[in-house]
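These are the residues of each chain, in order.
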Amino acid sequence: MQENLILMEKHGRVRLLQINRPEAMNALSPELMLQLAKRIEDFETDPEVGAVVLTGNEKAFAAGADIKAMKDWSYMDVYQADFVTSTWERISTFRKPVIAAVAGFALGGGCELAMMCDFILAAENAKFGQPEITIGTIPGAGGTQRLARFVGKSKAMEMVLTGRMMLAAEAERCGLVSRVFPIAELLPEALRVAQKMTELSSPILMMAKESVNRSFEVSLEEGIRFERRLFHSSFATEDQKEGMAAFVEKRKPTFKNR
Ligand code: HXC
C-alpha cells in the first residue's frame, strides 16, 4: 500500500486535498481513490471542516484512471469490486462544498472527478478531455452524463466520440469551468473562495448544494417544489434568524451552524 497518495493541508476550516502521484500524471489508482474517499468520509462528520479544495499539480489535476492498473482487469474483476461506484461515488455524495482547482490535464476519470465537485476553477493551462474512446473504452465515472449536462450534446458528443481536449478558455466559455486564473493565482483564489464559504452557515450551504444538485435529477416543477421545501426549512434554523437579524442591524452575521 502506498501512503500519502492524497496530501492534506488545513487552512482554517478549509481542507486542501492534493492528488499526489506526480510520476504518473496523477493517474487515479484504486488505492488513491480509496484514500480520497476515506478523507471525504472523515470530513463529512467533522464539524471543523467547512469546505474542501481538491487539486493536483501544475502539470496534471489527474490524467485519468490508472490505465496500467486497469488494463488486465476482467469483467468479473470490475463487476465484483463494483469499480468506480464503491469509492469514486463518495465524492459526488459529499454534502459540504468542494471546489476542484484544476491545472494541467484533467482527462478521463480526472475530468469526471472534477465534474463531481461543486464547481471547477481552472488555471489557464488546464486541459479537459474524455479520451477513453482512444483506449478502447468509454467514460465510466459519469463523463457521458455530467459532461453533456455541463456543455450540451454537441460538444459532449464531440469530446467523447473523438477524445478531443478542451483548453481552459473554451471550458469557461461553455460552462464546464466557472472561472479561469493565471496558474499562480489558482490555489490562492480557490482557498479564498472556500474560506468565504466556511464563514457561511454549514447546514444552509448543504441545503443550497442539495437543491442545485436536485435540478439535474428531476423535472423543473419537482425541482422547484424541492427547493421551496428546503427554503421553508431554512426558517427553522438559528442561522436564518441570525443572518437576517444581522442584515437589519447592519452587522456581520455570526453563524453557529445550527
Ligand atoms: C497510468 C499514466 C496515465 C494514466 C499518464 N500516465 N497517464 N499511467 N494511467 N491514465 C503515466 C505515463 O504512462 C508515464 O509513465 C507518465 O505518466 C508520464 O506520462 P507521459 O505520457 O509520458 O506524459 P506526456 O507525454 O506529457 O503526456 C501526458 C498525457 C498522457 C497527455 C496526459 O500521459 C496521456 O494521454 N495519458 C492518458 C490519458 C487517458 O487516456 N486518460 C483516460 C484513462 S481511462 P512512465 O512510466 O512511462 O513514465 C479513464 C477511465 C475512467 O480515466 C473511468 C472510470 C474510472
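Data block above holds the structure.
Residues numbered from 1 in each chain as written. Predicted model: local features only at pLDDT ≥ 70, side-chain atom pairs only at ≥ 80, totals over all residues. Heavy atoms only, no water.

Visitor: Pulling in residues and values, what's your account of the environment of I19?
Guide: Among the structural elements, I19 can be located in strand β2 (residues 14-19). Along the backbone, I19 and A62 are 43 residues apart, and their C-alpha atoms lie at a distance of 7.6 Å. Filtering out sequence-adjacent residues up to four positions away, I19 remains in contact with L5, I6, N26, L28, L32, L54, T55, G56, F61, A62 and L113. (Helix = DSSP H or I, 4+ residues; strand = E, 2+ residues; numbered from the N terminus. Contact = heavy atoms within 4.5 Å.)

Visitor: Quick one: what's the story with the sheet that holds strand β3 (residues 51-55), residue by residue and with numbers?
Guide: Note: strands within a sheet are paired through backbone hydrogen bonds, in either parallel or antiparallel orientation. As summarised here, the arrangement of the 6 strands in space is β1-β2-β3-β5-β7-β10, forming an open sheet in which the pairing is mixed. On the outer flanks of this sheet lie β1 (6-11) and β10 (179-181), each paired with one strand and no other. Each adjacent strand pair in this sheet contributes to an overall mean axis angle of 20 degrees, direction not counted. Judged from the 6 bridges that link them, β1 and β2 form a sheet pairing that is antiparallel. Counterpart to M8 in the pairing with β2 is L17. (Pairing = 2+ DSSP bridges. Axes fitted to C-alpha atoms, helices over the stretch in contact; angles between N-to-C directions.)

Visitor: Go over the packing of aromatic side chains, please, and point to the residues and values.
Guide: In total, this model carries 3 aromatic pairs according to the counting rule given. Residue placement shows K127 over the ring face of F105; its charged tip is 4.6 Å from the ring centre. The ring of F226 is capped by R214, whose NZ or CZ atom sits 4.8 Å from the centre of that ring. (Phe/Tyr/Trp six-rings, centres within 6.5 Å; stacked < 30°, edge-to-face > 60°. Lys NZ or Arg CZ within 6 Å of the ring centre and 35° of its normal.)

Visitor: With reference to specific residues and values, describe unusual backbone geometry.
Guide: Residues apart from glycine generally show negative phi values, whereas peptide bonds are mostly found in trans. Backbone geometry at M25 places phi at a positive 55 degrees, although glycine is not the residue there. As for its placement among the helices and strands, M25 is situated in the loop between β2 and α1 (30-45). Relative accessible area serves as the criterion here: at 33%, M25 is assigned to the partly exposed category. (Buried < 20%, exposed > 50% of the residue type's maximum accessible area, 1.4 Å probe, protein only.)

Visitor: Summarise the packing of helix α6 (residues 143-151) against helix α7 (residues 153-162); cite the residues concerned and give the values.
Guide: Helix packing for two helices is described by the angle between their axes and how far apart those axes are. Their axes nearest at 7 Å, the elements α6 and α7 cross at an angle of 140 degrees. One way to sum up the angle between α6 and α7 is to call them oblique. Pair α6 / α7 crosses with right-handed handedness. Here α6 contributes T144, L147, A148 and V151 to the contact with α7, which in turn contributes K153, K155, A156, M159 and V160. Partitioning the contact of α6 with α7 into residue classes produces 6 nonpolar, 1 polar and 2 charged. (Parallel < 35°, antiparallel > 145°, perpendicular 65-115°, else oblique. Left-handed = near helix turned anticlockwise from the far one by under 90°. Nonpolar A, V, L, I, M, F, W, Y, C, P; charged D, E, K, R; others polar.)

Visitor: Can you lay out the site of the ligand for me, pointing to particular residues and giving the numbers?
Guide: With respect to spatial proximity, 24 residues lie near the ligand, and among them A63, A65, I67, K68 and G109 are the closest. Take A63: an N or O atom from its main chain is 2.9 Å from a nitrogen atom of the ligand. Here A65 contributes a backbone N or O atom positioned 2.8 Å from an oxygen atom of the ligand. Broken down by secondary-structure element, the contributors of at least two residues to the shell around the ligand are α2 (67-70), β6 (105-107) and α5 (109-116). Examining the composition of the shell around the ligand, we find that 3 residues originate from one element, α2, more than from any other. Class assignment for the residues of the shell around the ligand results in 15 nonpolar, 4 polar and 5 charged. (Near = heavy atom within 4 Å. Polar contact = N/O pair within 3.5 Å; in protein donor to acceptor, adjacent residues only side chain to side chain.)

Visitor: Would you mind going over the sheet that holds strand β4 (residues 60-62) in detail, with residue names and values included?
Guide: On the basis of which strands lie adjacent, the open sheet formed by 4 strands has the order β4-β6-β8-β9 and mixed pairing. If you trace the sheet from one side to the other, it starts and ends with β4 and β9 (166-167), each paired once. Along the sheet face, α5 touches β4, β6 and β8 (127-129) and points at about 90 degrees away from the line of β6.

Visitor: Explain the side chain of E170 to me, using residue names and the numbers behind them.
Guide: Structurally, E170 is set in helix α8 (residues 168-173). Once residues lying within four places of it in the same chain are set aside, the contact partners of E170 are K155 and R164.

Visitor: Account for a nonpolar patch on the surface, naming residues and giving values.
Guide: On the surface, Y75, M76 and Y79 cluster together into a nonpolar patch covering about 380 Å² of accessible area. Residue class for Y75 comes out exposed when judged on its relative accessible area of 57%. (Patch = residues over 30% accessible without salt bridge, like charges linked within 9 Å, V, L, I, M, F, W, Y side chains within 5 Å. Areas by Shrake-Rupley, 256 points an atom, 1.4 Å probe, with all protein chains shown as cover. Salt bridge = Lys/Arg side-chain N within 4 Å of Asp/Glu carboxyl O.)

Purely spatial values, then, with no claim about function.
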